[in-house]
Amino acid sequence: MQQSVKRELGPRSVTMKRRSFPLGTILMYAVLFGWSLTTIYALFWIVNNSFKVSREVMNNSFKLALDPVMVNYTNAFDRINIGKGYLNSLIMSGSTVLLVLLFGGLAAYVLSRFQFRGRKVIFSILYASLLIPAFATVVPVYELLIHWKLANTYGGLIFPQTAGNLTFAILVLAGYLSTIPKELEEAAFIDGCNRWTMFIKIFLPIGRPAFASASIFVFLWSYNDLFSALIFVSKENVRPIVLLLSEISSQYGTDFGLMATAVSLTVVPVLIIYLFIQKYIEKGLTEGAVKG
Amino acid sequence: MKGDRKYIFLFLLPAAVFMSIFLYYPFFKSMYLSFFRTSGFFSKTFVGFDNYARMFSDELLGAATLHTLELMLYVIVFQVGIALILAVLVDNVTWGKGFFRMVFFFPVVISGTAIALLFVLFYNFQFGLLNNILQNLGFDKILWLSESNALKAVAVPTVWHYVGFYFVLFLTAMSKIPADFYEAAKLEGITGVKKTFLLTIPLIMSDIKVVITLAITGTLKVFEFIFVLTRGQSGTEVLGTYMYKKALVDQNFGYGSTIAIYIVVFGVLLSLLANRLLKRDEITY
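Residues numbered from 1 in each chain as written. Chains lettered and ligands numbered in written order. Predicted model: local features only at pLDDT ≥ 70, side-chain atom pairs only at ≥ 80, totals over all residues.

Labelled according to an unreviewed UniProt entry, chain B appears under the name Sugar ABC transporter permease, originating from Paenibacillus agaridevorans. You can read under Sequence similarities (unreviewed entry) in the UniProt record for chain B the words "Belongs to the binding-protein-dependent transport system permease family." (UniProt positions renumbered as here; feature names shortened; annotations may be inferred.)

This next bit is on the overall build of chain B. Of the regular secondary structure elements, chain B holds 13 helices and two strands. Each of the three principal axes of chain B carries a C-alpha extent, and together these read 80 × 75 × 35 Å. A buried classification covers 41% of the 285 residues belonging to chain B. The long-range fraction of contacts in chain B, counting pairs at least 24 apart against all pairs at least 6 apart in sequence, stands at 71%. (Helix = DSSP H or I, 4+ residues; strand = E, 2+ residues; numbered from the N terminus. Buried ≥ 20, exposed ≤ 12 C-beta atoms within 10 Å, placed from the backbone. Contact = placed C-beta atoms within 7 Å.)

Turning our attention to the interface of chain A and chain B. Between chain A and chain B, the residue contacts involve 63 residues of the former and 65 residues of the latter. At the level of secondary structure, the elements contributing two or more residues to the side of chain A that touches chain B comprise helix H2 (22-50), helix H5 (82-113), helix H7 (138-147), helix H8 (154-177), helix H11 (208-223), helix H12 (226-232), helix H13 (241-251) and helix H14 (256-287) of chain A. With 12 residues, the top contributor of residues to the side of chain A that touches chain B is H2(A). By residue class, the composition of the side of chain A that touches chain B is 46 nonpolar, 14 polar and three charged. (Nonpolar A, V, L, I, M, F, W, Y, C, P; charged D, E, K, R; others polar.)

Let's shift gears to the nonpolar core. One finds A:Ala107, A:Leu173, A:Ala262, B:Ala87, B:Leu118, B:Phe167 and B:Phe170 to be the most contacted residues of the largest nonpolar core, which totals 154 residues. Ignoring sequence-local partners within four residues, the contact set of B:Leu118 consists of A:Ala42, A:Ile46 and A:Val263. (Core = buried A, V, L, I, M, F, W, Y, C linked by C-beta atoms within 7 Å.)

The phi angle of most residues is negative, glycine excepted, and most peptide bonds adopt the trans form. Backbone geometry places A:Asn81, a non-glycine residue, at a positive phi of 55 degrees. By the secondary structure assignment, A:Asn81 is in the loop between helix H4 (71-78) and H5. Here the phi dihedral of B:Gln251 falls at roughly 55 degrees; this positive angle occurs in a residue that is not glycine.

Residues and elements named next belong to chain A. The predicted model of chain A averages 82 in pLDDT, with 88% of residues at 70 or higher. The secondary structure element of chain A with the lowest average pLDDT is helix H1 (residues 2-9), at 42, and the one with the highest is H5, at 92. In the predicted structure, residues 1-18 sits below a pLDDT of 50 and forms four contacts with residues beyond four places in sequence or in another chain. Per-residue pLDDT stays below 50 along residues 284-292; that stretch engages in 10 contacts with residues further than four places along the chain or on separate chains. (pLDDT = per-residue confidence, 0-100.)

Put into structure tokens, the structure is as follows:
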């Protein structure tokens, strides 16, 4: 094998120069695997330590948890009620995603497929809205939520987050929906679709990759948004999992095992979902909208 | 199409209602509040530009601004830099592209709060991972979150968190460069590192510009890392945590809103500046 390769490369093959320098390739892979290690090992480290008692985490954090203990997990569910945190997060972030996709999808559909006066103005407003950080809206929103008795209810996080994520979702979805060929729309019209059924039957299914990637980012931003949670839904019965995490560091700052478990419990489900959806999105994005 | 006006109105309405109530109205209300001295929600007195005058003599705000700028420097140099290097490397290797894409993106998926908590375990003086390593190697323990180190220590998770995001943006941009560009370069004998600097990077300059703008506005929103790791102690107070303290801990809504408006203006100015400095002609293939 070695020999045949050598013979092929021979002294004549000047164009193959790059391949005859495997050192460069080795270095490139070394850097890439080095960085991969920072992400993979950090995750492994935290999950591994979640199966040890605190003392073990402190003294032997590199050792494999060969006889795993579940004490941190029972603590996480009994003492800090992490199950409830999960449920709250799921309800609030799930609702935010649904509202953003529905309202954002409808708006994006109109902005990408209809010609009307004021369309350009709306796009300019949307781009400008990207510059408004949560800091610049939090006080009046909090005031509104208290006034409407929505603070410390699920709606108290869902509504502001929906509004905050709509800009991004509309821009992404409108970009994708505008690439769908006009013939499809005309065909659907001849088949007797009105605008609403056209949205449901044509644009929603074809725009699936864009809807999928928008929903992932909206979910992540909502699920991970500590700032809004801290202010709008801080009571125990509604607080989401990020808020629990930040409280653990101040209240149980010495219980390393519990902290490792809380981080693992927050991170691992999201990571698993990401692994499944990632393929689907990339497939959808590369295949394009309509074939043939 | 007949009856389109009705649908345009109906379909835009829900998004418009949500955004008006929870985004635009609060934004303008914040501007309005920045001209008042408040205590709680109920009493407020108009003070004109007093809050803005106070802002310019507020040393803590000045410090927070400097800390934010320092953090921004680390983010632009390291986060964007590492992302670019990784993207160039992945673009040049043949095996494992999908793997690296997937793995580098992991931290982006994780919440900043969880990452901050992970780094609490790394930086802990007594039992943390880093001091563990130092002790095993026979060195003295280091106070990682001391006055002189804390901001750099906080910058590490901040940078690590989003490298993967910019990496994917760069990689996507590179994959759009037509193959014949590279073939032409190859005929001219331009390969390897030279190819990267003469071809790849100039061709994705507009994407680099976008990423730097994102990095700037992103740094202004940094909150979790500081809040969990140091609570703004030891010289790590940034604009976000300072605004939170003034507006929501001290319940000083008027001055808090002034700081919020300052953050917005600061962000817009910095983005404009970055765009001016990186001005390039758009390249279309």
